[in-house]
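A structural walkthrough
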Amino acid sequence: MKVLLLAAPEENYMVASVHKSLDHKREHRPLLGILSVATYAKKFCPWIELKFIDCRALELDFDQMEQEIKNFGPDLVGLTALTFNYYDTLMAARRIKKLDPAMLVVIGGWHVTLYPKETLAQDAIDYVVKGEGERTFAELLTALHKGTDRAEIAGLGWKNDGELKLNADRPVEKELNDIPFPDFDLTDISLYSHILGKY
């Protein structure tokens, strides 16, 4: 199974009420949440071929994103969304489904955690991951690999013949040492910077 984890391009970014020089396009910081999900999947789902693409840091537009997806040919694409980039993430999901309707689209992140049912209701979304995503995403990959039931995967939202299903929430992770440190080999760390310096 080919799995692509993707941060969508930023074309419709909802900015805060501060000057653009202080808020938008000032830097690209590593997305630790989706990198942590990718790292966990890489470690605990050895049957997958995994790729991570940060379209923001690579400054890819939607057409370039599509080309990257075509080049890799994933079976499943995982996206991450905060509220300020939700529209771009939804646009990415729609472009993915237009490219190949059989490609599964999974979305997680804080916006999804706050609005799981509303996000899952979107036509282009097959699954939502609410809360901490490492174990939920890996368990979803395992269920898809083995053909087992998704109903018992805590933190997962899914569709059953068009009906929206939201499983029980996953408890907050108490043993942080059980979660591997994000694998920065999955991305080019030189693409990232902070207002105080480079990574």
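Notes on the structure in this doc start here. (Residues numbered from 1 in each chain as written. Predicted model: local features only at pLDDT ≥ 70, side-chain atom pairs only at ≥ 80, totals over all residues. Heavy atoms only, no water.)

1. Section: the packing of aromatic side chains
To be explicit about the condition: Between 30 and 60 degrees the pair is tilted, below 30 it is stacked and above 60 it is edge-to-face, where a pair is any two Phe, Tyr or Trp rings, Trp via its six-membered ring, whose centres lie within 6.5 Å. Only DSSP runs of H or I covering at least 4 residues are called helices, and only runs of E covering at least 2 are called strands; the numbering of each starts at the N terminus. Between buried and exposed lies partly exposed: a residue is buried under 20% and exposed over 50% of the maximum accessible area for its type, with that area taken using a 1.4 Å probe on protein chains only. Here, over-ring charges are defined by two tests on the NZ atom of lysine or the CZ atom of arginine: distance to the ring centre within 6 Å, and angle to the ring normal within 35 degrees.
Under the counting rule described, the total for this entry stands at one aromatic pair. An angle of 40° between the planes, with centres 4.4 Å apart, marks the rings of tyrosine 40 and phenylalanine 44 as tilted. Of the two residues, tyrosine 40 and phenylalanine 44 are both situated in helix 2 (residues 32–44); the distance of four residues between them amounts to about one turn of the helix. Taking the relative accessible area as the measure of exposure, tyrosine 40 reaches 7% and is therefore buried. In this structure phenylalanine 44 comes out as partly exposed when scored by relative accessible area, which is 37%. One Lys or Arg, lysine 2, reaches over the ring of phenylalanine 72 and ends 5.0 Å from the middle of that ring.

2. A few points about the pattern of salt bridges
In plain terms, the rule: Basic side-chain nitrogens of Lys or Arg form a salt bridge, by our definition, when they fall within 4 Å of a carboxyl oxygen of Asp or Glu.
Scanning the entire structure with this criterion turns up 10 salt bridges. Put simply, glutamate 66 and arginine 95 hold a salt bridge, and the shortest N to O gap is 2.5 Å. Of this pair, glutamate 66 sits in helix 4 (residues 62–72) while arginine 95 sits in helix 5 (residues 86–99); the two residues are 29 residues apart in sequence, bridging distant segments of the chain. Assessed through its relative accessible area of 16%, glutamate 66 is described here as buried. On the accessibility criterion, arginine 95 (22% relative accessible area) is partly exposed. Linking glutamate 139 and arginine 170 is a salt bridge whose minimum nitrogen-to-oxygen distance equals 2.9 Å. In this pair, glutamate 139 sits in helix 8 (residues 134–146) while arginine 170 sits in the loop between strand 7 (163–166) and strand 8 (193–194), placing the two residues 31 residues apart along the sequence.

3. Some remarks on the packing of helix 2 against helix 8
Worth spelling out the cut-off: All axes here are fitted lines through C-alpha atoms, helices being fitted over the stretch that makes contact, and every angle between N-to-C directions spans 0 to 180 degrees. Roughly parallel means an angle under 35 degrees; roughly antiparallel, over 145; roughly perpendicular, 65 to 115; everything else is oblique. In this scheme the crossing of two helices becomes right-handed for a clockwise turn of the near helix relative to the far one and left-handed for an anticlockwise turn of less than a right angle. Residue contacts follow a heavy-atom distance rule, with two residues in contact if any of their heavy atoms lie within 4.5 Å. Throughout, the ten residues Ala, Val, Leu, Ile, Met, Phe, Trp, Tyr, Cys and Pro are labelled nonpolar, Asp, Glu, Lys and Arg are labelled charged, and all others, Gly among them, are labelled polar.
The contact between helix 2 and helix 8 brings their axes to 9 Å, and the two run at 45°. Between helix 2 and helix 8, the angle falls in the class oblique. You can see that helix 2 and helix 8 cross each other, and the crossing is right-handed. Contacts from Ser36, Val37, Tyr40 and Ala41 in helix 2 reach Glu134, Arg135, Phe137, Ala138 and Leu141 in helix 8. Here the contact of helix 2 with helix 8 is built from residues that sort into six nonpolar, one polar and two charged.

4. Quick notes on the sheet that holds strand 7
The condition that has to hold: Strand pairing follows a simple DSSP-based rule, namely that at least 2 bridges must link the two strands.
Strand order in this open sheet of seven strands is 2-1-3-4-5-6-7, and the pairing throughout is mixed. The open sheet has two free edges, formed respectively by strand 2 (49–54) and strand 7, since each of these has just one partner strand. The average undirected angle you get between the axes of adjacent strands in this sheet is 20°. Pairing geometry for strand 1 (residues 2–7) and strand 2, over six bridges, is parallel. Residue pairing across strands places leucine 5 opposite phenylalanine 52, the latter belonging to strand 2.

5. Some thoughts on the packing of helix 4 against helix 5
It is at 11 Å that the axes of helix 4 and helix 5 come closest, and there the two elements cross at 45°. With respect to helix 5, the axis of helix 4 lies oblique. Seen from above, helix 4 lies across helix 5 with right-handed handedness. When helix 4 is examined against helix 5, the residues Phe62, Asp63, Met65, Glu66, Ile69 and Lys70 are found in contact with a partner set consisting of Asp88, Met91, Ala92, Arg95, Ile96 and Leu99. The residue inventory of the contact of helix 4 with helix 5, partitioned by class, reads seven nonpolar, no polar and five charged.

6. Let's talk about the pairing of strand 3 (residues 76–80)
Selection criterion: Note on handedness: a clockwise path from strand one over the helix to strand two, with the strands aimed away from the viewer, defines a right-handed crossover.
Along strand 3, four of the five residues are buried, which leaves the element largely enclosed by surrounding structure. By the bridge criterion, four bridges tie strand 1 to strand 3 in an arrangement that is parallel. Pairing of leucine 6 across the sheet is with leucine 79, part of strand 3. Direction of pairing for strand 3 relative to strand 4 (residues 104–108): parallel, over a ladder of five bridges. Paired with leucine 76 across the two strands is leucine 104, which belongs to strand 4. Between strand 3 and its parallel partner strand 4, the chain crosses via helix 5, and the hand of that crossover is right-handed.

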